[in-house]
There are 2 protein chains.
Amino acid sequence: MTTKPFRAAGRPTTRVLSRRRITDAALRILSHDGFDALTMTHLASNLRVTPAALYNHAASKRDILLWVQDRVMGSIDASAFETEDWHTAVRAWARSYRDVMSRYTPLIAPISVMPITGSTDTLRMYETVATGLQRGGWPVPTIVPTIVALESFIYGSAYDVGAPLDIFEAGDGATEAPVFTAAASAHYGARSDEQVADVAFDLGLEALVQGLAQRAGVATA
Amino acid sequence: MTTKPFRAAGRPTTRVLSRRRITDAALRILSHDGFDALTMTHLASNLRVTPAALYNHAASKRDILLWVQDRVMGSIDASAFETEDWHTAVRAWARSYRDVMSRYTPLIAPISVMPITGSTDTLRMYETVATGLQRGGWPVPTIVPTIVALESFIYGSAYDVGAPLDIFEAGDGATEAPVFTAAASAHYGARSDEQVADVAFDLGLEALVQGLAQRAGVATA
C-alpha cells in the first residue's frame, strides 16, 4: 500500500497550479511574446499542464487577465499618498505607474479598457490615490476625471520609454520640414534615449498636474 | 491571335497591386484582427495575390507599416495651425489625432516607437504643428518635448474612448474603497461612454496645454 497519489510520469509534485504560478507564467508570455500569444493552450503548455488542469483553476482567459491586472496594478507604488503632500505623492505615483507599464506595454491596451471589478489590489491603489487627493483638498467630483487624464498621459508615456532616439529623424525630408527638424535637434542634442523620454515625461507631468490643480481649485506647493 | 495577356483564372485585371491597395488591405487587417495578424502571408491572401507578388511591391512588413503610418498620420487634421491662433489649433489637432487613433488602437504601440524617416505625410503633419507653435511664440527648443507630451496624452486618451462605463465599478469591493467609489459615481452619474471619455479628454487637454504654455513662457488666449 502506498500513500503516494497517482500522477502522470515526469510531472513533479512541486508543480502544483496556483493563482500565483499561473499569473507568473501569463506575465512571462505577455512580456516576451505579446498579448495575442496569451491563450489558455499556450499558457497550459508553458506551465507544463493540460488545458483541462488549467481550466480547473481559471474559468477563462478573462480570469487570468484579472489576476495579471491585479498583480501589475498592485505593483505600482502609491504609498507616498499616505505620508507626503498630494503634489509630491502624485509625482512619485505617476513615475512608478509609468515605469511599471513600460515593462508591460502589451498590457496597456487591455488594462485601459478593463473593468476593475474583482481586482482587489487595483482597487486598493485607486482608493489610496483618491484618499490622498481628497485629503489634499481636491473636490470629490474632480478626482476620477483627474485620475483618468493622468492615466492617459502615463500610458502614452510608457510607450515613449521604448522610442528610439532617431524617431523624429526626417532623413531626406529634412529640407521640407525645416522648423520641425530644427526643433527635434534642439531637443535631442546629446541626450540618451532614457533622458529624452524623462524630459518629456517630467515636463508633461508637471504641466498636467498644475493645470488640473488650477481647474480643481487646489493650490500647488 | 489574342492581345489578352495570360493570367491566373479568376484574378480580374483591375486587381493590380499598388501602394494604395496594399495600405487599404493592411488597415482592414489591423482594425479587424489586430497587429499580430498583419503578416506578409495574411496580407497577400487578403489581396488575393501570391506572397511573391506582394514582395515585388514591398520589401518587408516594415515598408508596409511605414505606408500605414503615413496614411494614418496624414489623415490627422492639422490645418487649423495655418489659419487659427495656436491655442485653437492645438485643440482641433489633438481632438482629430485622438479620434483617428481611437479607430486604429492596434497601431498606437507600433507608431509610438516608429521612426518617421521616409514617412512624408507624417513629417508634413509635424512641420505644420511645429510651424504653428513657433508662429504662436513657442521657443524652438520647447516644441518637440511639447509635441511628445501632447502625443502621450493623446495616445492614452485614444484607448479611453473604448473604455466601458463600468470600468471603475468596484462591485463587492466598494465598502473597502469608499472615497474612490463616491468619486467614480460623482463622475459617471448619468453620462454615456462617449461623454465620459470626452470630459476627461477635454479637461486633461486644457490642463496640459495651459501648463505647457506656462512652462514655455507663452501666453494662453
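A brief look at the structure comes next. (Residues numbered from 1 in each chain as written. Chains lettered and ligands numbered in written order. Predicted model: local features only at pLDDT ≥ 70, side-chain atom pairs only at ≥ 80, totals over all residues. Heavy atoms only, no water.)

1. Examining the overall build of chain A
Item 1. A count of helical and extended segments in chain A gives 11 helices and 0 strands.
Item 2. Tracing chain A from N to C terminus, the helices and strands come up as α-α-α-α-α-α-α-α-α-α-α.
Item 3. For 221 residues, the compact-globule formula gives about 17 Å, and the C-alpha radius of gyration of chain A, at 22 Å, lies well above that figure.
Item 4. Summarising its shape, the C-alpha atoms of chain A cover approximately 80 × 50 × 25 Å along the three principal directions.
Item 5. The proportion of buried residues among the 221 residues of chain A is 49%.
Item 6. Intrachain contacts of chain A at a sequence separation of at least 6 include 70% that bridge at least 24 residues.
Item 7. Summed over its atoms, the accessible surface of chain A is roughly 9,900 Å², and 54% of this surface lies on carbon and sulfur atoms. (Helix = DSSP H or I, 4+ residues; strand = E, 2+ residues; numbered from the N terminus. Rg over C-alpha atoms; globule rule 2.2 N^0.38 Å. Buried < 20%, exposed > 50% of the residue type's maximum accessible area, 1.4 Å probe, protein only. Contact = heavy atoms within 4.5 Å. Areas by Shrake-Rupley, 256 points an atom, 1.4 Å probe, with all protein chains shown as cover.)

2. Observations regarding the packing of helix α9 (residues 140-160) of chain A against helix α10 (residues 178-188) of chain B
Item 1. Close contact between α9(A) and α10(B) brings their axes to 7 Å; oriented N to C, the two are set at 85°. Classified by the angle their axes make, α9(A) and α10(B) are roughly perpendicular. From α9(A), Val140(A), Pro141(A), Ile143(A), Val144(A), Pro145(A) and Ile147(A) reach across to α10(B), where they touch Phe180(B), Ala182(B), Ala183(B), Ala184(B), Ala186(B), His187(B) and Tyr188(B).
Item 2. Here the residues of the contact of α9(A) with α10(B) are counted per class, giving 12 nonpolar, 1 polar and no charged. (Axes fitted to C-alpha atoms, helices over the stretch in contact; angles between N-to-C directions. Parallel < 35°, antiparallel > 145°, perpendicular 65-115°, else oblique. Nonpolar A, V, L, I, M, F, W, Y, C, P; charged D, E, K, R; others polar.)

3. Side note on helix α6 (residues 86-103) of chain A
Residue and element names in this part refer to chain A.
Item 1. In a regular helix each residue adds 1.5 Å, so 18 residues correspond to 26 Å; α6 covers 26 Å between its end C-alpha atoms and thus fits that length.
Item 2. Residues Trp86, His87, Ala89, Val90, Trp93, Ala94, Ser96, Tyr97, Arg98, Val100 and Met101 constitute the buried set of α6.
Item 3. Here α6 starts with a cap whose side-chain oxygen sits 3.1 Å from the backbone nitrogen of His87, and that cap is Asp85. (Expected span 1.5 Å × (residues − 1). Polar contact = N/O pair within 3.5 Å; in protein donor to acceptor, adjacent residues only side chain to side chain.)

4. Side note on the relation of the copies chain A and chain B
Item 1. In the superposition of chain A on chain B (RMSD 0.0 Å, axial shift 0.0 Å), the rotation amounts to 180°. Within this description, the copies of the chain are treated as partners about a two-fold rotation axis.
Item 2. The fraction of interface residues of chain A whose copies in chain B are also interface residues reaches 100%, indicating that both copies meet through the same surface. (Least-squares fit on C-alpha atoms with pLDDT ≥ 70 in both.)

5. Observations concerning the layout of surface pockets
Item 1. Size it by volume and the largest pocket reaches roughly 630 Å³.
Item 2. Lining the largest pocket are 23 residues, with Pro106(A), Ala109(A), Phe35(B), Pro106(B) and Ala109(B) positioned closest to its centre.
Item 3. Among the residues forming the lining of the largest pocket, the class breakdown is 14 nonpolar, 7 polar and 2 charged. (1 Å grid on protein atoms, 1.4 Å probe; cavity = no way out; pocket = protein on both sides within 12 Å on 5 of 7 lines; lining within 4 Å. Points joined across faces, edges and corners; volume = space filled by probe spheres on them.)

6. Description of helix α4 (residues 61-74) of chain A
Item 1. Given a rise of 1.5 Å per residue, 14 residues ought to cover 20 Å, and the 19 Å separating the end C-alpha atoms of α4(A) matches this to within 8%.
Item 2. Within the span of α4(A), buried status applies to Ile64(A), Leu65(A), Leu66(A), Trp67(A), Val68(A), Gln69(A), Asp70(A), Val72(A) and Met73(A).

7. Notes on the environment of Gly118(A)
Item 1. The residue Gly118(A) is located in the loop between α7 (108-112) and α8 (120-135) in this model.
Item 2. Taking the C-alpha atoms as reference points, Gly118(A) and Ser96(A), 22 residues apart in sequence, are found 23 Å from one another.
Item 3. Every residue in contact with Gly118(A), bar those within four places of it in the chain, is listed here: Leu66(A) and Ala170(B).

8. A word on empty space enclosed by the protein
Item 1. Considering all chains together, one arrives at 5 cavities of 30 Å³ or more under this definition.
Item 2. Of the volumes computed, that of the largest cavity is approximately 220 Å³.
Item 3. For the largest cavity, the lining is made up of 25 residues, of which Asp160(A), Ala163(A), Ile167(A), Ser112(B) and Glu151(B) are closest to its centre.
Item 4. If you list the elements that add at least two residues to the lining of the largest cavity, you get α9 and α11 (193-216) of chain A together with α4 (61-74), α7 (108-112), α8 (120-135) and α9 (140-160) of chain B.
Item 5. Of all the elements, α9(B) adds the most residues to the lining of the largest cavity, at 4 residues.
Item 6. The class makeup of the residues in the lining of the largest cavity is 17 nonpolar, 5 polar and 3 charged.
Item 7. By volume, the second largest cavity is sized at about 140 Å³.
Item 8. Around the second largest cavity, the lining comprises 15 residues; the ones closest to its centre are Ser112(A), Glu151(A), Tyr155(A), Ile167(B) and Phe168(B).

9. With respect to the interface of chain A and chain B
Item 1. Listed by partner, the interface residues are 67 residues for chain A and 68 residues for chain B.
Item 2. For the pair chain A and chain B, the summed buried area comes to about 5,200 Å², and 71% of that belongs to carbon and sulfur atoms.
Item 3. Where chain A meets chain B, there are 0 salt bridges.
Item 4. Among the elements of the structure, α7, α8, α9, α10 (178-188) and α11 of chain A are those that each provide at least two residues to the side of chain A that touches chain B.
Item 5. In terms of residue count, α9(A) provides more of the side of chain A that touches chain B than any other element does, 17 residues in total.
Item 6. Tallied by class, residues from the side of chain A that touches chain B come to 41 nonpolar, 17 polar and 9 charged. (Buried area = accessible area lost by both parts, 1.4 Å probe. Salt bridge = Lys/Arg side-chain N within 4 Å of Asp/Glu carboxyl O.)

10. Some details on the packing of aromatic side chains
Item 1. Under the definition given, this model contains 19 aromatic pairs over all chains.
Item 2. Between Phe153(A) and Phe201(A), the ring centres sit 5.6 Å apart and the planes meet at 10°, which makes this aromatic pair stacked. Here Phe153(A) is found in helix α9, whereas its partner Phe201(A) is found in helix α11, with 48 residues between them in sequence.
Item 3. The buried category is assigned to Phe201(A), whose relative accessible area is 1%.
Item 4. Three or more aromatic residues joined by ring pairs make a cluster, and in this case those are Phe81(A), Trp93(A), Tyr97(A) and Tyr155(A).
Item 5. Across from the ring centre of Phe201(A), 4.6 Å away, lies the NZ or CZ of Arg98(A), which sits over that ring.
Item 6. One cation-aromatic arrangement involves Lys61(B) over Phe35(B); the distance from NZ or CZ to the ring centre is 4.5 Å. (Phe/Tyr/Trp six-rings, centres within 6.5 Å; stacked < 30°, edge-to-face > 60°. Lys NZ or Arg CZ within 6 Å of the ring centre and 35° of its normal.)

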